[in-house]
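Coordinate inspection notes
Below, each chain spelled out in residue letters.
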Amino acid sequence: MKNLFLAVISISLLAFASGPSVAKDWKSIRIATEGAYPPFNYTDKNGKLQGFDVDIANALCAQMKAKCKIVAQDWDGIIPALLANKYDAIIASMSITEKRKKRVAFSKKYYTTPAKFVRKKGSGIEINTASMKGKSVGVQRATIHADFVKAEFGKVVSIKAYGTQDEAYLDFAAGRLDLLLADSVALMEGFLNTPAGKNAEFVGPDYTDPKYFGDGAGIATRKGDADLAAMFTEAIAAIRANGVYKKINGKYFNFDVYGD
């Protein structure tokens, strides 16, 4: 009798686990951003998260009539923590790539900007294997930029990967790097337009190849929460149409960061 009872309980639990999940109403959403990637996301002197990503997140939540909590998360662990259910979505300038789509679901893009190299003024370094041979390139760890440099120039350059983009800026300014590669807008606003970047300049073409750089920056959710990603897609279209996106865009940029 005891064995029969245990068998019935086991079957019931199995049926419950394999049955359809209860749909979430998404009235409360936890969102992660990095907080170290200006002007898209950063932490101000008062410890408050700011930036384009943060303003977009708040606007999307308002459009969706959802109460949202935005938290900071180091870039290296941002997808693992999402999968561990520490939050529900990532709004942190994360490019929509095939590699990432194997792990998470994405909304449609909410902006797209090219990647670009930076060199020291007067260095004469050009973006080709002959000129870059033996040079050091700084990138942020676990990014599309790190993957691109490794694939295209890994045989001729020394790649130095950093936990944050700011750490790469510091080493470049200190003369410990020959080149940087990152998002062109992040480089311009977070480095070149600051005193630390006064002796640096862009070099080479814009990089946009979807093979490496994906289809713009999207909002990531767990695959099981693809309905939430779809809700964000609808909200992005709505704030693009009603002028809210344009207002946020104008706060940070003098061009349409959404792209083509």
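Everything numeric in this text was worked out from a predicted model, so none of it was measured.

**Description of the overall build of the chain**
Within the chain one finds eleven helices and 13 strands. Taking the principal axes of its C-alpha atoms as reference, the chain extends roughly 85 × 45 × 35 Å. Taking all 260 residues of the chain together, the buried fraction comes to 46%. Summed over all atoms, the accessible surface of the chain reaches about 13600 Å², with 55% contributed by carbon and sulfur.

**Focus: the packing of helix H7 (residues 165-173) against helix H8 (residues 184-192)**
Axis separation between H7 and H8 bottoms out at 11 Å; the angle between their running directions is 60 degrees. Considered as vectors, H7 and H8 are oriented oblique to each other. For H7 against H8, the interelement crossing comes out right-handed. Here Tyr169, Phe172 and Ala173 of H7 lie close against H8, whose contacting residues are Ala186, Leu187, Gly190 and Phe191. Among the residues making up the contact of H7 with H8, the classes are represented as six nonpolar, one polar and no charged.

**Observations concerning the sheet that holds strand S11 (residues 179-183)**
Neighbouring strands of a sheet are bound in pairs by backbone hydrogen bonds; such pairs are parallel or else antiparallel. The strand order S10-S9-S11-S8-S12 describes an open sheet built from five strands, whose pairing is mixed. The two strands at the open ends of the sheet, each matched to only one other strand, are strand S10 (158-162) and strand S12 (200-207). Between one strand and the next, the sheet's axes are offset by a mean angle of 25 degrees, whatever the strand orientation. Packing against the sheet, H8 makes contact with strand S8 (115-120), S11 and S12, and its axis sits at approximately 120 degrees to S11.

**Some details on helix H11 (residues 244-252)**
Restricting attention to buried positions, one finds in H11 the residues Tyr245, Ile248, Asn249 and Tyr252. The buried residues of H11 occupy an angular sector of 105 degrees when the element is viewed end-on, so they sit on one face. Facing away from the buried side of H11 by over 90 degrees, the exposed positions are Lys246, Lys247 and Lys251. Residues of H11 that are buried sit in contact with helix H2 (52-64) and helix H10 (226-241).

**With respect to the confidence of the model for the chain**
Averaged over every residue, the pLDDT of the chain is 93; residues scoring 70 or more account for 91%. Considering only residues more than four positions removed or in separate chains, one finds that residues 1-21, a stretch of pLDDT under 50, has zero contacts.

**Brief notes about the nonpolar core**
Residues Phe40, Phe52, Leu60, Tyr110, Leu180 and Phe232 are the most contacted members of the largest nonpolar core, which totals 43 residues. It is H2 that provides the largest number of residues to this core, a total of seven residues. Setting aside its immediate chain neighbours within four residues, Phe232 contacts Ile29, Ile31, Leu60, Met64, Ala89, Ile91, Ser107 and Ile219. Counting residues in hydrophobic clusters, the runner-up holds 19 residues, among them Ile127, Val149, Phe153 and Val157.

The rules behind these values
- Residues numbered from 1 in each chain as written.
- Predicted model: local features only at pLDDT ≥ 70, side-chain atom pairs only at ≥ 80, totals over all residues.
- Heavy atoms only, no water.
- Helix = DSSP H or I, 4+ residues; strand = E, 2+ residues; numbered from the N terminus.
- Buried < 20%, exposed > 50% of the residue type's maximum accessible area, 1.4 Å probe, protein only.
- Areas by Shrake-Rupley, 256 points an atom, 1.4 Å probe, with all protein chains shown as cover.
- Axes fitted to C-alpha atoms, helices over the stretch in contact; angles between N-to-C directions.
- Parallel < 35°, antiparallel > 145°, perpendicular 65-115°, else oblique.
- Left-handed = near helix turned anticlockwise from the far one by under 90°.
- Contact = heavy atoms within 4.5 Å.
- Nonpolar A, V, L, I, M, F, W, Y, C, P; charged D, E, K, R; others polar.
- Pairing = 2+ DSSP bridges.
- Arc of directions from axis to C-beta.
- pLDDT = per-residue confidence, 0-100.
- Core = buried A, V, L, I, M, F, W, Y, C linked by side-chain atoms within 4.5 Å.

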